[in-house]
Amino acid sequence: MLALLIAATVLAFSFVTLVSFDRAVAPELHQRTRLIGEIIRSKVEQSVASGIPIDSIAGLEGYLAATIAQFPEVQRVSLETRRGETIAEAANEVSLTLLSRTGLDVRLGVEATGFALPILVRNDMVGTVRVESSAQFAETKLRGVLLDVSVLAIALLLIGVELALAVVAASIWKPLRRIQGLLALQQARDYSRAIRPTGIALFRRLARCLNAFSAAVTRQAADALPRLRYAEIIDIRFALFVFVAGTEVSASFLPVFARAEGRPEWLSANLAAALPLLFYLLAVMTLSPFGGRMAERFGARRLFVASALPAALSLLVMAVARDVFVIALARAGVGISYALASIACQEYALRAERGAALSRTSGTFIAMIFGGTFCGSVLGGVMAQHFGYGFALAVGAALVLGAAMMGQLTMASDTPADTASVATAPGRREPLAPLRYAALTVGIAIPLNLVTAVFVWFLAPMQLAALGADTSETARVVMLYYLAQILLGGTLSGLARGRWAAVTLGAMVTAAALVALSRDMGFVTMILATAGIGIGHALIRGPLLALITEIAQAAGLSLSGLRIAERLGALAGLALTTLAMRTLPTGSILEMLALLVVLGVVGAGGIAWAGREKGERRP
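Procedures and definitions
- Residues numbered from 1 in each chain as written.
- Predicted model: local features only at pLDDT ≥ 70, side-chain atom pairs only at ≥ 80, totals over all residues.
- Heavy atoms only, no water.
- Helix = DSSP H or I, 4+ residues; strand = E, 2+ residues; numbered from the N terminus.
- Buried < 20%, exposed > 50% of the residue type's maximum accessible area, 1.4 Å probe, protein only.
- Lys, Arg positive; Asp, Glu negative; His and termini not counted.
- Salt bridge = Lys/Arg side-chain N within 4 Å of Asp/Glu carboxyl O.
- Axes fitted to C-alpha atoms, helices over the stretch in contact; angles between N-to-C directions.
- Parallel < 35°, antiparallel > 145°, perpendicular 65-115°, else oblique.
- Contact = heavy atoms within 4.5 Å.
- Nonpolar A, V, L, I, M, F, W, Y, C, P; charged D, E, K, R; others polar.
- Core = buried A, V, L, I, M, F, W, Y, C linked by side-chain atoms within 4.5 Å.
- Pairing = 2+ DSSP bridges.
- pLDDT = per-residue confidence, 0-100.
- Left-handed = near helix turned anticlockwise from the far one by under 90°.
- Patch = residues over 30% accessible without salt bridge, like charges linked within 9 Å, V, L, I, M, F, W, Y side chains within 5 Å.
- Areas by Shrake-Rupley, 256 points an atom, 1.4 Å probe, with all protein chains shown as cover.
- Phe/Tyr/Trp six-rings, centres within 6.5 Å; stacked < 30°, edge-to-face > 60°.
- Lys NZ or Arg CZ within 6 Å of the ring centre and 35° of its normal.
- Expected span 1.5 Å × (residues − 1).
- Arc of directions from axis to C-beta.

Points about the side chain of Arg 178
- Its place among the elements puts Arg 178 in helix α5 (residues 137-187).
- Comment: no salt bridge for buried Arg 178; closest opposite-charge side chain is Asp 235, at 7.0 Å.

Below is the structure:
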């Protein structure tokens, strides 16, 4: 609600600014338009004065077109005889703007201005030059800046909320939790622990008093007692958010960036655009089976912090690289670091929040992943548009290093005994659990990640670039997918009932958006389809993760199989898409994706229903 309120406020302020600026510069634009008309009139008067009839001047339309092409604030110019017959005219193509579409331009006083300048030869009027200015020239020029400011405001809002939560956790929530824990130990006559005095002044005084009591009972210095620490999901929120934002600064422009760099002649443009994504998915898939074990062996905090330096170096290499293979290898390095960091945080979160809090944990983890991706794609797209790709990637490297420092400060240190993977915890074995796990993975999880990789990461930036969108416009469209995950994902992940209904509805919404886009791949349809796919995936992702994790915990299965299958499906789908684009139109590929989504949810739902029926018949 806070995000929606502030976003609406920013957009309203941007609209007011747009109208005010449009009206403020209107007099200057009118004077400039009149001056252009006078220049054209003087040229025509010179020709007529030399004895050439006005309707016999050669090349008038070419001259008018060449002249106004240099002045986009002029919408139309025409030359008429004294009898009112048009003998030449030229016009600049002006697309409809927000004000003109809604009809507010006239009501707000933002209107086109026309000038009729007589052509005089020895005080005789032989014709007229008519010049019409563009009503929304200022709006057209300012619109991109205001939209960039708006989306940046939303991104900074999300960052500010996460930063505020981190500050509150460090000053209130975590110190209070430690005080309550130490009080419980002392009430049970266990005085072997002390806590670190942190937080607000009151909590620091309480911590010192309780530490002194433990020290007096044990006859040891308070500093010598082991520290009592608690791992909570709040510990990873801000660090993971910033880390993902740093690694995903190229999310909105990576295919276009890779396609524009150097490549051998045998490598097609489409394959070059997809190569960094293929390397990235391959790296993530390769590391996924080992991430949980590495978190168990080295500790989640150590693994998270250690993954930051390779990610930052890889982003810097991407910033200076001019060869597509170097970019792809560097992107693979980012993928390795991302896989290790995300798995470390997921293991930390699942270990910190068990049992009934599983849905909340899944929702928070998803919100951090997509919130960071949203901010990274927006910041990266805007910075790349105004300062270049290299600058955006360098900022991403700085964000990753900052995330490592925050993780070192906020995440609790762990021991091998504490880091056992929750997903492999022993539980009541269910005979049909492996079948349900496989059905959810193959039927829903793989198509979900395949559509994300193929459409959101690859086809959407490529198609938007083909439609003439710049990097900022591409980022603004792609961000709609991630914005839907942020606004809906946290709410839907907490569903205890109706998870299958949410998953099925999400699959239908996703398929409908893909089919609609296959029929019309215009700019407006791209915007609506991207938002629709984001809503569909938001309906699927949270409930799906909670379902799979519950099955894994109940049956003693590992989440590493899910991670491998997701990445393998996305990798195979992206590779097949690049090959299919040689012979199939993009619309056919989108229809195939829609069919895959529908068949997957039908198959997985049928298996889950059959398994439930068999389970109910068991005595």
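Past the structure itself, the notes keep going.
Quick look at the packing of helix α11 (residues 308-320) against helix α14 (residues 389-410)
- Their axes nearest at 8 Å, the elements α11 and α14 cross at an angle of 175°. Relative to α14, the element α11 is oriented roughly antiparallel. Contacts between α11 and α14 pair Ala 308, Leu 309, Ala 311, Ala 312, Leu 315, Leu 316, Met 318 and Ala 319 from the former with Gly 390, Leu 393, Ala 394, Gly 396, Ala 397, Val 400, Leu 401 and Ala 404 from the latter.
- Residues belonging to the contact of α11 with α14 are distributed by class as follows: 14 nonpolar, two polar and no charged.

A short note on the nonpolar core
- Ranked by size, the top nonpolar core spans 123 residues in total, and within it Phe 304, Phe 374, Ile 444, Phe 455 and Phe 458 carry the most contacts.
- With 17 residues, helix α15 (residues 433-466) is the largest single contributor of residues to this core.
- Excluding residues within four positions of it along the chain, Phe 374 makes contact with Ile 154, Ala 155, Leu 158, Met 479, Tyr 482, Leu 483 and Ile 486.
- Counting 20 residues, the second largest nonpolar core, distinct from the first, contains Val 48, Leu 64, Val 74 and Val 131.

Some words on the sheet that holds strand β4 (residues 124-133)
- As summarised here, the arrangement of the four strands in space is β2-β1-β4-β3, forming an open sheet in which the pairing is antiparallel. Across the chains shown, the open sheet's two edge strands, defined by having one partner strand only, are β2 (86-91) and β3 (114-121). Each strand of the sheet is rotated relative to its neighbour by a mean of 15°, with strand direction disregarded.
- Strand direction decides the pairing type here: strand β1 (residues 74-81) and β2, joined by five bridges, are antiparallel. Bridge assignment links Leu 79 to a residue of β2, and that residue is Ala 88.
- Contacting β1 and β2, helix α2 (residues 60-69) runs over the sheet at an angle of about 25° to β2.

Regarding the confidence of the model for the protein chain
- Of the residues in the protein chain, 79% reach a pLDDT of 70 or more, and the chain-wide mean stands at 78.
- Of all helices and strands in the protein chain, the one with the weakest mean pLDDT is helix α4 (residues 104-107) (49), whereas α11 scores best (93).
- Taken as a whole, residues 415-428 scores under 50 in pLDDT and shows 29 contacts with residues more than four places along the chain or in a different chain.
- Note on residues 615-619: pLDDT under 50 across the span, and two contacts to partners over four residues away in sequence or across chains.

Observations concerning the packing of helix α7 (residues 234-247) against α14
- Between α7 and α14, whose axes approach to 7 Å, the crossing angle comes to 165°. Relative to α14, the element α7 is oriented roughly antiparallel. Crossing handedness for the pair α7 and α14: left-handed. Contact residues: Asp 235, Phe 238, Ala 239, Val 242, Phe 243, Ala 245, Gly 246 and Thr 247 in α7; Gly 396, Leu 399, Val 400, Ala 403, Met 406, Gly 407 and Thr 410 in α14.
- In terms of residue class, the contact of α7 with α14 is built from nine nonpolar, five polar and one charged.

Considering the pattern of salt bridges
- What the rule picks out here adds up to six salt bridges.
- The shortest N-O distance in the salt bridge between Glu 162 and Arg 237 comes to 2.7 Å. Here Glu 162, found in helix α5, pairs with Arg 237, found in helix α7; they are 75 residues apart in sequence, far enough to count as distant. An identical accessibility class is assigned to Glu 162 and Arg 237; each is buried.
- A salt bridge links Arg 567 to Glu 566; the shortest N-O distance between them is 3.1 Å.
- Looking at Arg 567, the relative accessible area reads 17%, which means it is buried.
- We classify Glu 566 as buried; its relative accessible area is 14%.

Remarks on unusual backbone geometry
- Positioned with a positive phi, Arg 189 is a non-glycine residue whose angle comes to about 65°.
- Its location among the elements puts Arg 189 in the loop between α5 and α6 (201-218).
- Residue Arg 189 is classed as exposed on the basis of its relative accessible area of 73%.

Thoughts on a nonpolar patch on the surface
- Side chains of Val 168, Ile 172, Trp 173, Ile 200, Leu 202 and Leu 206 sit close together on the surface and give an oily, nonpolar patch of about 470 Å² of accessible area.
- Among the secondary structure elements, those contributing two or more residues to the nonpolar patch are α5 and α6.
- Top element by residues in the nonpolar patch is α5. It accounts for three residues.
- Turning to its location among the elements, Val 168 is positioned in helix α5.
- Residue classification places Val 168 among the partly exposed residues on the basis of a relative accessible area of 30%.

Section: the pairing of β4
- One ladder, built from seven bridges, connects β1 with β4; its direction is antiparallel. Opposite Leu 79, over in β4, you have Val 129 as the bridge partner.
- Taken together, the eight bridges between β3 and β4 define a ladder with antiparallel strand orientation. Residue Pro 118 lies in a different strand from β4, and its bridge partner there is Thr 128.
- Here β3 folds back onto β4, and the loop between the two strands holds two residues, one of which, Arg 122, carries a positive phi near 50°.

Overview of the side chain of Gln 463
- Tracing the backbone shows Gln 463 in helix α15.
- What Gln 463 contacts, discounting residues up to four positions off in sequence, is Met 521 and Met 526.

Digging into the packing of aromatic side chains
- On inspection of all chains with the given rule, the structure shows twelve aromatic pairs.
- For the ring pair Phe 253 and Phe 257, a centre distance of 6.2 Å and an interplane angle of 80° mean the geometry is edge-to-face.
- Classification of Phe 253 as buried rests on a relative accessible area of 1%.
- The buried category is assigned to Phe 257, whose relative accessible area is 2%.
- With a centroid separation of 5.2 Å and an interplanar angle of 85°, the aromatic rings of Tyr 481 and Tyr 482 are classed as edge-to-face.
- One aromatic cluster is present, built from ring pairs that chain together Phe 253, Phe 257 and Tyr 389.
- Lying over the aromatic face of Tyr 280, Arg 331 brings its terminal NZ or CZ to 4.4 Å of the ring centre.

Examining α11
- Compared with the 18 Å implied by 1.5 Å per residue over 13 residues, the 19 Å span of α11 between its first and last C-alpha is a close match.
- Of all the residues in α11, the buried ones are Ala 308, Ala 311, Ala 312, Ser 314, Leu 315, Met 318 and Ala 319. Angular distribution of buried residues about the axis of α11 spans 160°; they occupy a single face of the element. Away from its buried face, by an angle of more than 90 degrees, α11 presents the exposed residues Leu 309 and Val 320.

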